[in-house]
Amino acid sequence: MAGSGKTTFVQRINSHLHSKREPPYLMNLDPAVHSVPFDSNIDIRDSLNYKEVMREYNLGPNGGILTSLNIFATKIDQVMNILEKRTLPNPATPNAKRIKNIIVDTPGQIEVFVWSASGSILLDSLASSFPTVIAYIIDTPRTSSTSTFMSNMLYACSILYKTKLPMILVFNKTDVKDADFAKEWMTDFESFQAALKQEEEMGSFGGVEGASTGLGGGSGYMGSLLNSMSLMLEEFYRHLCVVPVSSMTGKGVDEFFEAVAEKASEFEKDYKPELEKRRKDRQQEKETKRGKELGKLMEEMNVTNSRQNSSTGPAKPKAGRQKALDTISDTEDDLGSDVEAQLVEPDEDESEDSEMDDEKPRQDGLEQRYRKALADDSKSNHGSASEDNSFTRYLRASQIG
Ligand SMILES: Nc1nc2c(ncn2[C@@H]2O[C@H](COP(=O)(O)OP(=O)(O)OP(=O)(O)O)[C@@H](O)[C@H]2O)c(=O)[nH]1
């Protein structure tokens, strides 16, 4: 969430890795950030000016960020090439130190990154090459009321289910407020209930942390909603790793990297096979869809050809026509692209003709013109070597001849 300390946290883990002589590869994907306190290796702002995108496409701030990210997502192949070059061993330079960690700072708005197509493209691409872990940064002092805590958990939950990647909850700013209360609420339902009750009694329920808004006391509905949500989230909590951190002092950063290692191996074990299965399913779905569209196209061509045939004589059986079209698609490779071109052109010619001369009977149309062209062609070639010219192939394939 805004102001939770994402950038400060990235700066902290960056300096931590530098101190261990393992400099990470840094990517800034927030086009609207004024300045970042670290040197990004890849910065979306280098290739896109978010304000110009806003002007050019007449968008507001969120639309500008989203569109910038969409444009950037079109370059993901280049980005992946660079990342792979930096991380994978290179036989040409076996002694060169490879990058072990890639850190990506994302725009905070959930609709811009997590719920956008470009966010999915970027995350999917990263996850297809590297063990990818999401760190969800929480502003601990601003999460100490039961309602903001629950909002934060629901936010995290939706990110987890949308990205389907292992997640670490980073409770930041623990130098200001300890995160023990959050850990307790996540593991002990009764302690969350007790906190809820206390807030209701104090009249601070639903308000800003530590402040009474006068809304409490009577909010029975909200109280019971929070209660049941907390029960529902029990299962979700079980899959999470909680790490209290202070980006200011550096406390908890070692524990964060331990959690990253744990989640990275979890990624390899549980998430990667699932990811690959999803990718295969998607591919299969795409192929089925393409097959269906091709079938529809064939059917439409079939109808068009039937209409042509009905004017010249009895319509040929549908199965026969379908077979002929199947043959065409099967032998596409053998016949080369000529056939495809010949298959497209007739309809175009026909529509031109019918536009020019509506009264003209169909018999004078496509088929006759092909017959005539074939005869002319045979004549000009003295009826010899032209047997396999493209018109003949077209007629044979479509069973007109
Ligand atoms: N006390 C304390 N303050 C922190 C800590 N981490 C970040 N801050 C402060 O929190 C404020 C917001 O930090 P940022 O890193 O800009 O937060 P962000 O999430 O990147 O902000 P946006 O990009 O605007 O959403 C800054 O004033 C930081 O100095 C921390 O661990 N402790």
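Residues numbered from 1 in each chain as written. Predicted model: local features only at pLDDT ≥ 70, side-chain atom pairs only at ≥ 80, totals over all residues. Heavy atoms only, no water.

Caption draft 1: Looking closely at the site of the ligand. Taken together, 15 residues surround the ligand, and among them Lys6, Thr7, Thr8, Asp175 and Ser247 come closest. Between an oxygen atom of the ligand and a main-chain N or O atom of Ser4, the distance comes to 3.3 Å. Contacts to the ligand include Thr7, whose side-chain N or O atom sits 2.8 Å from an oxygen atom. Taken by itself the ligand offers 650 Å² of open surface, and the protein chains cover 66% of this. Top contributing element to the shell around the ligand by residue count: helix α1 (residues 6-19), with three residues. (Near = heavy atom within 4 Å. Polar contact = N/O pair within 3.5 Å; in protein donor to acceptor, adjacent residues only side chain to side chain. Areas by Shrake-Rupley, 256 points an atom, 1.4 Å probe, with all protein chains shown as cover. Helix = DSSP H or I, 4+ residues; strand = E, 2+ residues; numbered from the N terminus.)

Caption draft 2: Representation of a negative patch on the surface in the model. Among the surface-exposed residues, Asp178, Asp180, Glu184, Asp188 and Glu190 lie close enough to one another that they form a single negatively charged patch. Assignment of secondary structure puts Asp188 in the loop between α9 (180-187) and α10 (189-202). (Patch = residues over 30% accessible without salt bridge, like charges linked within 9 Å, V, L, I, M, F, W, Y side chains within 5 Å. Salt bridge = Lys/Arg side-chain N within 4 Å of Asp/Glu carboxyl O. Lys, Arg positive; Asp, Glu negative; His and termini not counted. Charge placed at Lys NZ, Arg CZ, Asp CG, Glu CD.)

Caption draft 3: Representation of the packing of helix α8 (residues 146-163) against α9 in the model. Here α8 crosses α9 at 70 degrees, and the two axes come no closer than 12 Å. Taken as axis vectors, α8 and α9 run roughly perpendicular relative to one another. Between α8 and α9 lies a crossing of right-handed hand. Across from Thr146, Phe149 and Met153 in α8, the residues of α9 making contact are Ala182, Trp185 and Met186. The class makeup of the residues in the contact of α8 with α9 is five nonpolar, one polar and no charged. (Axes fitted to C-alpha atoms, helices over the stretch in contact; angles between N-to-C directions. Parallel < 35°, antiparallel > 145°, perpendicular 65-115°, else oblique. Left-handed = near helix turned anticlockwise from the far one by under 90°. Contact = heavy atoms within 4.5 Å. Nonpolar A, V, L, I, M, F, W, Y, C, P; charged D, E, K, R; others polar.)

Caption draft 4: A look at the sheet that holds strand β1 (residues 25-28). Spatially, the three strands line up as an open sheet ordered β2-β1-β3, and their pairing is parallel. Strand pairing shows two members of the sheet lacking a second neighbour, β2 (42-43) and β3 (102-105), which therefore form its edges. Bridging between β1 and β2 involves two bridges; their strand directions are parallel. Note that in β2 the partner of Met27 across the bridge is Ile42. (Pairing = 2+ DSSP bridges.)

Caption draft 5: Broad picture of the confidence of the model for the protein chain. Scored by pLDDT, the protein chain has a mean of 75; 70% of the residues are at 70 or more. Overall fold confidence for the complex sits at a pTM of 0.68, while the interface term, ipTM, reaches 0.98. (pLDDT = per-residue confidence, 0-100.)

Caption draft 6: Structural context of the packing of aromatic side chains. Per the counting criterion, the structure on display carries eight aromatic pairs. The interplanar angle of 85 degrees and the centroid separation of 4.9 Å between the aromatic rings of Phe9 and Phe256 together place this pair among those described as edge-to-face. Of this pair, Phe9 sits in helix α1 while Phe256 sits in helix α13 (residues 253-312), placing them 247 residues apart in sequence. For Phe256, a relative accessible area of 5% translates into the label buried. Three or more aromatic residues joined by ring pairs form one cluster here, namely Phe149, Phe181, Trp185 and Phe192. In this arrangement the basic side chain of Lys177 is found over the ring face of Phe181, its NZ or CZ atom lying 5.1 Å from the centre. (Phe/Tyr/Trp six-rings, centres within 6.5 Å; stacked < 30°, edge-to-face > 60°. Buried < 20%, exposed > 50% of the residue type's maximum accessible area, 1.4 Å probe, protein only. Lys NZ or Arg CZ within 6 Å of the ring centre and 35° of its normal.)

Caption draft 7: Examining the side chain of Lys6 more closely. Among the secondary structure elements, Lys6 is positioned in helix α1. No salt bridge forms around the buried Lys6; measuring N to O, its nearest opposite-charge neighbour Asp105 is 6.5 Å away. A distance of 3.1 Å separates a polar atom in the side chain of Lys6 from the backbone oxygen of Met1. Residues in contact with Lys6, not counting those within four places in the same chain, are Met1, Asp105, Thr106, Gly108 and Ile137.

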